[in-house]
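Observations on chain architecture
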2 protein chains.
Amino acid sequence: MDNGKRKNDAITARGEDFTKWYTDVCRKAELMDYSVAKGFIDYLPYGFAIWEEIRNYLDRRFKANGASNVYLPLVIPESLFNKEKEHVEGFAPETLVATYGGGEELSDPLIIRPTSEVLFSNLYKRLVKSYRDLPKIYNQWCSVVRWEKTTRPFLRGAEFLWQEGHCLFETEEEARKNAEDILREYETLGRDILAIPFLTGFKSTSEKFAGAVSTYAIEALMPDGKALQCGTTHYLGQGFARAFGISYLGRGNKLEAPHQTSWGVSTRLIGAIIMVHGDDNGLVLPPMVAPVQVVIVPIKPNDGALMEAVAEIEEGLKKAGIRVKVDADTTKSPGWKFAEYEMKGVPLRIEIGPRDLSEGKAVIVRRVSEEKESMALKDVVSLVPSLLRDIHAAMLKKATDFLASRIVDADGLDSLKKALDEGYVARMLHDDDPDTEAYIKEKTGGGTCRAIPFEQESMEGKVSPVSGKPAKYLAYFAKAY
Amino acid sequence: MDNGKRKNDAITARGEDFTKWYTDVCRKAELMDYSVAKGFIDYLPYGFAIWEEIRNYLDRRFKANGASNVYLPLVIPESLFNKEKEHVEGFAPETLVATYGGGEELSDPLIIRPTSEVLFSNLYKRLVKSYRDLPKIYNQWCSVVRWEKTTRPFLRGAEFLWQEGHCLFETEEEARKNAEDILREYETLGRDILAIPFLTGFKSTSEKFAGAVSTYAIEALMPDGKALQCGTTHYLGQGFARAFGISYLGRGNKLEAPHQTSWGVSTRLIGAIIMVHGDDNGLVLPPMVAPVQVVIVPIKPNDGALMEAVAEIEEGLKKAGIRVKVDADTTKSPGWKFAEYEMKGVPLRIEIGPRDLSEGKAVIVRRVSEEKESMALKDVVSLVPSLLRDIHAAMLKKATDFLASRIVDADGLDSLKKALDEGYVARMLHDDDPDTEAYIKEKTGGGTCRAIPFEQESMEGKVSPVSGKPAKYLAYFAKAY
């Protein structure tokens, strides 16, 4: 078992093959495993626990924004799914369809939900009768199925876990405010919990959600220079309401169609965490989502006095609400354990040996730097919370600096292509014309408009350097996952 | 809106038509709604919040029992599903099957999971190599699909929410201990959280789970005299492990098959809560799972001084961790609100009017008794927690007394049939022969063996009064949902 070899040797170097490095980390850190059904994955305890932390945090925030949780079926009758035209066209090619139930062929096949706008619209049609029934702010935590040809753990798969909020409001203003408020919650999740800075803004006409009037998004930049869409919120207008016959008696005693929003983030966030923070030794987890925040490795696990001191620190950290693990396994060497918890991205490691004990000291090692520091044993419990905060801040700063260093301006197709090929995000004037965007995508080998910042300067007299047509926005372009 | 009529008039009386009363409560208390796909339901916020309380409690308890959460796919390839013969026969008639993905016919159809033994067995086959990898105690919270012909909200439906634990151990003893420990957790959930007493024990050969060696169960008695199976734990032996090729290198350096368990409870528990505690005025919720534990109804919501006093109490209760709601809606009368929160089963109602305020008093009404009591305003915050505990204790006692009063002894088919027809649970000697049980079921119009208590007296010389064959156990018989 313990051959002295660093377990991490099994990971491909990040610079050598980023894709293989990513998959290696997913597998070796035991975040997931490939399941028996092609394209599906098993979320293992260590990976799922990260999702639980994200979920617990967001669930509190959604409730603070007035949301209630519900659960709607995992199937949508095909006949209903076909009602909102754009929506169908966006999703139909990716659906998994059930055609047999209880041994008999179904007269109306059932689509395994790829997203639940249709089901929420049908529920709201029954629930909402008067303006007094508004707003409705419902959310559900569930999985959705998208029949993808090529899959990658957490990034793209046949099934992923997510939350989907679906809301109705009386006015466009309230609905847009909801979509923007939740976008800000996602941005705060990035800053305070995941240590990931996002580019935020709205989507271009080409990139918005099937059936939406406006789509807002958080986009993160990966080390390979590709953007990863990490979450979206949508202002759906009144289109779904009209397609599904949702109407209510308004304040003016007339029937009105409500304004709708939807919003979601998924287990794709785990993919973002892996790529943004990981290194050649494996995962580097932000302390707020780490299933194990502190690991204590006693150098001699059979030394009674040592283990007593270790137990005391463990107890103190647990009382302070820290997720701590003591690894007292006698069949593995300390070196093996160091490599193991490095690989698993545990933010803080505490090493204590008999000599440390006699000197009243402990060695602490931050995962981000892997530098060894000495600390008085008696201070460990009281200092760990602020150490974890420091680690979070250092991770966020590093990621923020990286993002800032990778944004350049482009003034035409050549400079845009060069920037994207070199792994930069390019800021360029855009006419928001789908034809222009299709042309850009073709000519740059996959570059798309990732986000249009909310704050825009005057576009008077400015043109798209690609089409020559009047520019509408200064937008971010990048290649994307 | 407010015509002075008690909203509860809309509920069918329990004595008149129990089935209709049940459905009325589900709908009018806004626990669920029928979804657009036949047989499926929408879990609405008030119903889902009850499930969230149950889930949060159990999740902590499972983790205290060493469990980790995972998430496995919602589909099982048909070819794999067919590996464990008994298991297939038990579930195949109820499956929903997907045959198309991304517009193409699937070569191996995908069964929407009715339960996940097959997926966990396949995962464990990959994860478990050595006795050092044991035990494995994994749990998942998800939904499962059973293609049922007749459905009833929370009791039987095409899709329900549940948790399923799946574990592997080295020895039968450890595995059985796990199945029994979790059964005890379920029993404690009943006693401490749901205020429902369960009959516990193991299942007869006829009634055990498809593929299990032993099934343990919690059974509750409904007011209509039918038993409701509320949860089960299974000792699966080594059958699944052998069928799916799970083996590990044991301590004796030989390949061994692990001993497996599985266990689950579902949203059916919500059905049990409704039936066990509900009355002609609607729901009666046990305080521990009530989404709103205390509702405050200010008699004059536009009286500033009154609303200030109300806000102070609300604040104090929130600080004490109580789920409190103030209904200050000026468009509804106090009488309408009283009926509304009675219907919704809120355990404790506090009424405060201007006169109460001037006298320094509040009126409190427990949902279980509907009697009005007077209480000093200044004591409300400090007394509510113990009041809620009293209410829980009273509900548990009432349900326990009811159960005790409905158990009788039977000494043959006639007395058994009479007892079951009159809505009793009958205790009778049983030979545990499936033929005898099929005969009993036929002759009593549906009576089955619900549970066999763990503690048994000697069966020497005793026989089944139905078959005349040697008795194995003294068992509980009842009609069941």
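Here the residue numbers are simple positions, counted from 1 along each chain's written sequence. To label them, take the chains in the order written and letter them from A, then take the ligands in the order written and number them from 1. Only residues with pLDDT of 70 or above have their local features reported here, since the model is predicted, and side-chain atom pairs are shown and tallied only from 80 upward, although totals for entire chains, interfaces and linings are computed over all residues. Side-chain measures here rest on the full set of heavy atoms in the structure, leaving out hydrogens and waters.

Re the overall build of chain A
Note the following rule: The numbering of helices and of strands both runs from the N terminus, where a helix is a DSSP run of H or I of at least 4 residues and a strand a run of E of at least 2. Here the globule rule reads 2.2 Å times residues to the power 0.38, and the radius of gyration is calculated from C-alpha atoms. Areas reported here follow the Shrake-Rupley algorithm with a probe of radius 1.4 Å; residue values treat only the protein chains shown as occluding. Positive: Lys, Arg. Negative: Asp, Glu. His and the chain ends are not part of the count. A charged residue contributes its charge at one atom only: NZ of Lys, CZ of Arg, CG of Asp or CD of Glu.
Looking only at helices and strands, one finds 14 helices and 23 strands in chain A. For a compact globule of 481 residues, the expected C-alpha radius of gyration is about 23 Å, and chain A comes in at 25 Å, within 12% of that figure. Projected onto its principal axes, the C-alpha coordinates of chain A cover approximately 80 × 55 × 45 Å. A total of about 19100 Å² of accessible surface is found on chain A, and carbon and sulfur atoms cover 48% of it. Once the 64 positive and 71 negative side-chain charges of chain A are each reduced to a mean point, those two points are 1 Å apart.

Regarding the sheet that holds strand β18 (residues 361-366) of chain B
Residues and elements named next belong to chain B. The condition that has to hold: When DSSP finds two or more bridges between two strands, those strands count as paired. Axis definition: a line fitted to C-alpha atoms, over the contacting stretch in the case of helices. Angles run 0 to 180 degrees between N-to-C directions. We call two residues contacting when some pair of their heavy atoms lies within 4.5 Å.
Within the open sheet, the five strands sit side by side as β16-β15-β17-β18-β19. Their pairing is mixed. In this open sheet, the two edge strands, each paired with only one partner strand, are β16 (324-326) and β19 (372-376). Neighbour-to-neighbour, the strand axes of the sheet open up by a mean angle of 25 degrees, direction not taken into account. Contacting β15 (294-298), β16, β17 (348-352) and β19, helix α10 (residues 334-343) runs over the sheet at an angle of about 170 degrees to β15. Here helix α12 (residues 380-405) sits on the sheet and contacts β15, β17, β18 and β19; the angle it forms with β17, its principal contact strand, is near 145 degrees.

With respect to the interface of chain B and chain A
Stated precisely, the cut-off is as follows: A side-chain nitrogen of Lys or Arg and a carboxyl oxygen of Asp or Glu constitute a salt bridge if their distance falls within 4 Å. Between N or O atoms, a polar contact is any pair within 3.5 Å; within protein, one atom must be a potential hydrogen donor and the other a potential acceptor, and residues adjacent in sequence are included only when both atoms are from side chains. Residues are grouped as follows: nonpolar covers Ala, Val, Leu, Ile, Met, Phe, Trp, Tyr, Cys and Pro; charged covers Asp, Glu, Lys and Arg; every other residue, Gly included, is treated as polar.
Tallying the contact residues gives 54 residues for chain B and 54 residues for chain A. Where chain B touches chain A, the interface holds six salt bridges. Between Lys63 of chain B and Glu52 of chain A there is a salt bridge; the shortest N-O distance is 3.4 Å. The interface formed by chain B and chain A includes 27 residue pairs in polar contact (both at pLDDT 80 or more). Tallied by class, residues from the side of chain B that touches chain A come to 33 nonpolar, eleven polar and ten charged. As judged from the five bridges shared by strand β5 (residues 96-101) of chain A and strand β5 (residues 96-101) of chain B, these two strands associate in the antiparallel manner. Bridge pairing in β5 of chain B links Leu96 of chain A to Gly101 of chain B.

Topic: the sheet that holds strand β20 (residues 407-409) of chain B
Across a sheet, paired strands are connected by hydrogen bonds in the backbone, their directions being either parallel or antiparallel. Residues and elements named next belong to chain B. Taken in spatial order, the four strands of this open sheet run β20-β21-β23-β22, and their pairing is mixed. The sheet is open, and its two edges are formed by β20 and β22 (448-451), each paired on a single side. Neighbour to neighbour, the strand axes of the sheet diverge by 45 degrees on average, direction disregarded. Across three bridges, the pairing between β20 and strand β21 (residues 425-430) is parallel.

A short note on the pairing of strand β6 (residues 104-112) of chain B
Residues and elements named next belong to chain B. Across three bridges, strand β4 (residues 75-77) lies against β6 in antiparallel orientation. Residue pairing in the sheet places Ile76 in a bridge with Ile111 of β6. The sheet contact formed by β5 and β6 spans four bridges and is antiparallel. What sits directly across from Ala98, in β6, is Leu110. Adjacent in sequence and paired antiparallel, β5 and β6 are bridged by two residues, among which Gly102 carries a positive phi angle near 55 degrees.

A few points about the relation of the copies chain B and chain A
Spelled out, the test is: Overlaid copies result from least-squares superposition on C-alpha atoms, with residues included only where pLDDT is at least 70 in both.
Each copy of the sequence occupies a distinct position, and chain B is placed on chain A by a rotation of 180 degrees and an axial shift of 0.0 Å, giving an RMSD of 0.0 Å. Read as a symmetry element, the transformation amounts to a two-fold axis. Minimal C-alpha separation from the rotation axis in chain B is found for Ala98 of chain B, amounting to 1.8 Å. Of the interface residues in chain B, 100% have counterparts in chain A that sit at the interface too, so the contact is made through matching surfaces.

Focus: the confidence of the model for chain A
Any region with low pLDDT has predicted coordinates that should not be read closely. All names here are of chain A. Note the following rule: For every residue, the pLDDT score states the predictor's confidence, bounded by 0 at the bottom and 100 at the top.
For chain A, per-residue confidence averages 95 on the pLDDT scale, and residues scoring 70 or more make up 98% of the total. Across residues 1-7 the pLDDT falls below 50, and counting only partners more than four positions away or on other chains, this stretch makes 15 contacts in the model. Under the prediction, the complex receives an ipTM of 0.95, its pTM being 0.95.

Examining empty space enclosed by the protein
Empty space among the atoms can be located by rolling a probe the size of a water molecule over them. Residue and element names in this part refer to chain B. For the record, the criterion: Site definitions follow a grid-based scheme: protein atoms alone, a 1 Å grid, a 1.4 Å probe that fits but cannot get out for cavities, and for pockets an open set with protein on both sides within 12 Å along at least five of seven lines, plus lining residues having an atom within 4 Å of a point. Grid points are joined across faces, edges and corners, and a volume is the space filled by probe spheres set on the points.
Evaluated as defined, the whole model comprises three cavities of 30 Å³ or more. Empty space within the largest cavity amounts to approximately 50 Å³. Lining the largest cavity are Val295, Tyr341, Glu342, Val346, Leu348, Arg349, Val365, Arg366, Arg367 and Glu370. Of all the elements in the fold, those that place two or more residues in the lining of the largest cavity are α10, β17 and β18. Residues belonging to the lining of the largest cavity are distributed by class as follows: five nonpolar, no polar and five charged.

Here's the deal with helix α8 (residues 268-277) of chain B
Here is the rule: For each residue, the accessible area found with a 1.4 Å probe, counting protein chains only, is set against the maximum for its type, and the residue is called buried under 20%, exposed over 50%, and partly exposed in between.
Burial of α8 of chain B is extensive: ten of the ten residues sit out of reach of the surface. For α8 of chain B, the complete set of buried residues consists of Arg268, Leu269, Ile270, Gly271, Ala272, Ile273, Ile274, Met275, Val276 and His277 of chain B.

A look at the pattern of salt bridges
All names here are of chain B. For the coordinates displayed, the defined rule picks out 66 salt bridges over all chains. Salt-bridge contacts for Glu53 lead to Arg323; the nearest nitrogen and oxygen are separated by 3.4 Å. Pair noted here: Glu53 is in helix α2 (residues 45-64) and Arg323 is in the loop between α9 (304-319) and β16, with a separation of 270 residues, a long-range link. A relative accessible area of 24% means that Arg323 is categorised as partly exposed.

Section: the packing of aromatic side chains
For the record, the criterion: Pairing of aromatic rings covers Phe, Tyr and Trp, the last through its six-membered ring, and needs centres within 6.5 Å; plane angles under 30 degrees mean stacked, over 60 mean edge-to-face, and all others mean tilted. Here, a charge over a ring means that NZ of Lys or CZ of Arg falls within 6 Å of the ring centre while also lying within 35 degrees of the ring normal.
Counted under the stated rule, the structure contains 30 aromatic pairs over all chains. Measuring from centroid to centroid gives 5.3 Å for Phe18 of chain A and Trp21 of chain A, while their planes differ by 25 degrees, and the two rings are stacked. Here Trp21 of chain A and Phe18 of chain A lie together in helix α1 (residues 18-28), a separation of three residues that amounts to about one turn. Since its relative accessible area comes to 14%, Phe18 of chain A is described here as buried. You can call Trp21 of chain A buried: its relative accessible area is 0%. Note on Phe62 of chain B and Tyr186 of chain B: the rings are 6.4 Å apart at their centroids and 75 degrees apart in plane angle, and the pair reads as edge-to-face. One end of the pair, Phe62 of chain B, is in helix α2; the other, Tyr186 of chain B, is in helix α6 (residues 172-194), and 124 residues separate them in sequence. By the ring-pair criterion, three or more aromatic residues cluster together here, those being Trp51, Phe62, Trp141, Tyr186 and Trp263 of chain A. The lysine or arginine in question, Arg14 of chain A, covers the ring of Trp21 of chain A, its NZ or CZ lying 5.5 Å from the ring centre.

Overview of the nonpolar core
Note the following rule: For the purposes of this section, nonpolar cores are sets of buried Ala, Val, Leu, Ile, Met, Phe, Trp, Tyr and Cys residues that join through side-chain atoms within 4.5 Å.
Ranked by internal contacts, the top residues of the largest apolar core, which has 191 residues, are Ile54, Phe154 and Ile274 of chain A together with Ile54, Phe154, Leu194 and Ile274 of chain B. Excluding residues within four positions of it along the chain, Ile54 of chain B makes contact with Leu189, Leu194, Leu269, Ile273 and Val289 of chain B.

Some points on unusual backbone geometry
In this model, Leu134 of chain A is joined to Pro135 of chain A through a cis peptide bond whose omega is -5 degrees. Mapped onto the fold, Pro135 of chain A is located in the loop between α5 (117-127) and β7 (136-145). One non-glycine residue, Asn253 of chain B, lies in positive phi territory at about 65 degrees. Here Asn253 of chain B shows up in the loop between β12 (248-249) and β13 (255-256). A positive phi is found at Glu370 of chain B, a non-glycine position, where the angle reads about 60 degrees. Structurally, Glu370 of chain B can be placed in the loop between β18 and β19. The exposure class assigned to Glu370 of chain B is partly exposed, which follows from its relative accessible area of 26%.

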